[in-house]
Amino acid sequence: MALLETKNLGISFGGLKAVDEFEISIDNHELVGLIGPNGAGKTTIFNLLTGVYQPTQGDVLLGGESIIGLTPNQIVKKGLTRTFQNIRLFKTLTVLDNVKIAFHHKMTYGVSNSILRFPGTKYWKEEKQIEEKALELLALFNMEHQAYQLAQNLPYGEQRKLEIARALAAEPKLLLLDEPAAGMNPQETHELMENIHFIRNNFDVSILLIEHDMKLVMGICERLIVIDYGMIIAQGLPEEIRANKKVIGAYLGN
Amino acid sequence: MKKWQEYSVTFGGIVLLFILFEVLMAQGIINNYVSGVLVLIGINIIAAASLNLATGYLGQLALGHAGFMAIGAYSAAFVMKVAKINGFQNSDGIVVGLMIVALIFAGVMAAIFGILIGIPALRLRGDYLGIVTLGFGEIIRIAIFNLDFKVMGFQFTGGARGFRGYLGYMSFEMIFWLVIIVLAILYLIIRSRHGRAILSIREDEIAAEAVGVPTTFYKIFGFATSAFFAGIAGGCLAFYQKMIDPKKFTFMYSVEIFIIVVLGGMGSLTGTIVAAIILGILNEFLHVIDQWRLVIYSALLIIMMIFRPEGLLGSKEFSLVGLIKKVMGKKSSSKSSDAQEVK
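Quick caveat, the model's predicted, so the values are computed rather than measured.

Draft legend 1. Region of interest: helix α5 (residues 126–146) of chain B. Residue and element names in this part refer to chain B. With 21 residues, α5 should cover 30 Å at 1.5 Å per step; its first-to-last C-alpha distance of 31 Å lies within 8% of that length. Looking at α5, one finds that the buried residues are L129, V132, T133, F136, G137, I140, R141 and I144. At its buried positions, α5 is contacted by α3 (65–85), α4 (94–121) and α10 (251–264).

Draft legend 2. Broad picture of the pairing of strand β5 (residues 57–62) of chain A. Residues and elements named next belong to chain A. Across five bridges, the pairing between strand β1 (residues 4–13) and β5 is antiparallel. For T6, the partnering residue across the bridge sits in β5 and is V60. Both β5 and strand β6 (residues 65–66) contribute to a ladder of two bridges, which runs antiparallel. Following the sheet pairing, L62 is matched in β6 by E65. Here β5 hands over to β6 after two residues, with G63 in that stretch at a positive phi of 60°.

Draft legend 3. Quick peek at the confidence of the model for chain B. Residues and elements named next belong to chain B. Across chain B, pLDDT averages 88, with 96% of residues at or above 70. Segment residues 332–343: pLDDT under 50, and 29 contacts once partners within four positions in sequence are set aside and those in other chains are kept. Scoring of the predicted complex yields 0.90 for pTM and 0.90 for ipTM.

Draft legend 4. Structural context of the environment of I130(A). Residues and elements named next belong to chain A. Along the chain, the position of I130 falls in helix α5 (residues 122–140). In this structure the C-alpha to C-alpha distance between I130 and M107, which are 23 residues apart in sequence, comes to 8.6 Å. Setting aside residues up to four positions removed in sequence, I130 forms contacts with K100, F103 and M107.

Draft legend 5. Inspection of the environment of T71(A) at higher detail. Structurally, the position occupied by T71(A) is in the loop between β6 and α2 (72–78). Separated by 19 residues in the primary sequence, T71(A) and V52(A) have C-alpha atoms spaced 7.4 Å apart.

Draft legend 6. Representation of the sheet that holds strand β11 (residues 231–236) of chain A. All names here are of chain A. Spatially, the six strands line up as an open sheet ordered β7-β8-β9-β4-β10-β11, and their pairing is mixed. The sheet terminates laterally at β7 (80–82) and β11, the two strands that pair on one side only. The average undirected angle you get between the axes of adjacent strands in this sheet is 20°. Looking at chain direction, strand β4 (residues 31–35) and strand β9 (residues 206–210) are connected through four bridges and run parallel.

Analysis parameters
- Residues numbered from 1 in each chain as written.
- Chains lettered and ligands numbered in written order.
- Predicted model: local features only at pLDDT ≥ 70, side-chain atom pairs only at ≥ 80, totals over all residues.
- Helix = DSSP H or I, 4+ residues; strand = E, 2+ residues; numbered from the N terminus.
- Expected span 1.5 Å × (residues − 1).
- Buried ≥ 20, exposed ≤ 12 C-beta atoms within 10 Å, placed from the backbone.
- Contact = placed C-beta atoms within 7 Å.
- Pairing = 2+ DSSP bridges.
- pLDDT = per-residue confidence, 0-100.
- Axes fitted to C-alpha atoms, helices over the stretch in contact; angles between N-to-C directions.

So, in structure tokens, the structure goes:
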């Protein structure tokens, strides 16, 4: 069974069909790229998958279960997290707190326990556990020395990395990356590629990413989906896509 | 230092402070007038700290705090009026217990209204939320102003004449420990997973939702908790003044509390304490020129906006433990998120 499956997914804003008949299926442990010219509807698709928008037609199945009608935070609990095109960190909180917040739904202690912190209660156990887990995660990304810095003081590339780490903290089965290399210099992009490889090899997660940097896309994606005007125009291996007439037409004009 | 040791040091510091106040009072250095001022400052601390939760930590501009205080004041007074009708007297030992019940009732009533108002209003953001909460605050006040019906043999709420003749009083000792309890609860909530969720909403609501924080729930939770403690502050005010004048809970009163929060620093409970004390003392000197009071407040805010826009303490907390560590030369690298300290 595919991890993520969409069936005839679509949304219209007024009369405009932003996404139409969008059908994909992503298996466990796949790395899929979603590309297309500006305004093709890539981010709209992400918003549909994560519950930010409600589709006007079709269905999204995550692990065989429909996630239509769930709020974004419920979808996160089902195992689908994302990063944003324009970085959205909790800027004035520390790097560690940024990651800790993503563990929120894994914790169970109640408000009364956070007020009455008797020794040995769940509060101490869970707080200790996530502190360790969060530091471990940061260590994987070589960020543990920055754990107590404010997120806004990190360099741009590190902020991107932190956002990905935060998304992974929620322990997703599918990770959506929205233009992770946007605004990065070649050196940073190279590091990012290594990081994405690293995530694939060390976490049990599939990745769907939107990207305009073709070097990155062709370099790491196993499969590509190309959309234009909200419809899929091509799917396949990077080499096939590179030679596809329709794709070249969409990017350069016929 | 272990967590429980830090907590004990802080608690020890608070007890010492209390003893200091008691000694000063026994010596007559703090007379009745001054202790009355201290009680009012304490009430303002509770009100402003609770508003800080909604505005400073949750990041929602709420301008109807006086409304919640009014609900708390009338609810607490209602309980104590019923107690009086049932033959209790202020000299009875049980009245302290009744007052605690009344204050909790006041908090719960205010929280219920907080939830009712929060559900529709928190769909809005920024200035719009400010306007709506302002409106709700006024609705509560005007409703109370015009409400006057007989219940259990007495007039409630007494309308424009005010509500009086209920049991209850407020001493310095009581407000001192109440302030400590309220601040401790707020602090402990903020430094927990719930507090982190609340902070994440202030930072970026969309991102919070995208990492699995149920933002709608936490917005209403934060707003209702804020209203709960505002209700308690209102109850204390009712006990202290021994009569409630509905004209007190105007928009300007909400603004006064808001000014304390802004002056002390959005997101700093200790900053709120400092600002409440400063404004409380200032208030006493400004009684002579009462009509100029708000002008001077505004001037104060403008000066602050120029020189220290983040408020007196910004989002830092003063911590006794942090201070001790600093004095002892151990440069406390802010290792635990609990050990944020003054610069």
